[in-house]
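# A structural walkthrough
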Amino acid sequence: MQCPICKSKQVGKVGADQYYCWSCFIEFTARSGEVFEIEEDGSLVALDNGKGYF
Ligand SMILES: [Zn+2]
């Protein structure tokens with residue numbers, strides 16, 4: 001598994017289908033290809049660059 005944003009392999013599994021990138025501090029799901037930014041309060045905000053990350 002590698003980060004869809006920075007292509008780093010420094011990702012950790014945080015859920016059944018959810019991963020965290022230690023390099024650019026985002027979370028992503030492997031199956032749906034969704035990418036989330038983590039707010040200061042710990043909530044997740046979906047990112048969308050308009051072309052899909054996978
Ligand atoms: Zn990354």
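It should be noted that the structure appears before, not after, this text.
This report concerns the structure included in the present document. (Residues numbered from 1 in each chain as written. Predicted model: local features only at pLDDT ≥ 70, side-chain atom pairs only at ≥ 80, totals over all residues. Heavy atoms only, no water.)

### Considering the coordination of the zinc ion
Protein-derived coordination of the zinc ion comes from C3 (SG), C6 (SG), C21 (SG) and C24 (SG), at a distance range of 2.2 to 2.3 Å. Taken together, the four donor atoms coordinating the zinc ion and their angles of 107 to 117° define a geometry best described as tetrahedral. Going along the chain, you hit the donors of the zinc ion in the pattern C-x2-C-x14-C-x2-C. Among the residues examined, C3 registers a relative accessible area of 0% and is labelled buried. Residue C6 is classed as partly exposed on the basis of its relative accessible area, which comes to 33%. (Donors = N, O, S within 2.8 Å, 3.2 Å for Na, K, Ca; no water. Tetrahedral: all angles 85-135°; square planar, octahedral: opposite > 155°, others 65-115°. Buried < 20%, exposed > 50% of the residue type's maximum accessible area, 1.4 Å probe, protein only.)

### What to know about the nonpolar core
Core analysis: the largest hydrophobic core is formed by seven residues, namely C3, V11, Y19, C21, I26, F28 and V35. When sequence neighbours within four positions are dropped, the list of residues in contact with C21 reads C3, C6, S8, Q10, V11 and I26. (Core = buried A, V, L, I, M, F, W, Y, C linked by side-chain atoms within 4.5 Å. Contact = heavy atoms within 4.5 Å.)

### Things to note about the environment of V35
Mapped onto the fold, V35 is located in strand β4 (residues 35-38). In this structure, the C-alpha to C-alpha distance between V35 and P4, residues 31 residues apart in sequence, is 8.2 Å. (Helix = DSSP H or I, 4+ residues; strand = E, 2+ residues; numbered from the N terminus.)

### Here we look at the side chain of S8
Tracing the chain through its elements places S8 in the segment before β1 (11-13). If we skip the residues at most four places from it in the chain, S8 touches Q2, C3, C21 and S23.

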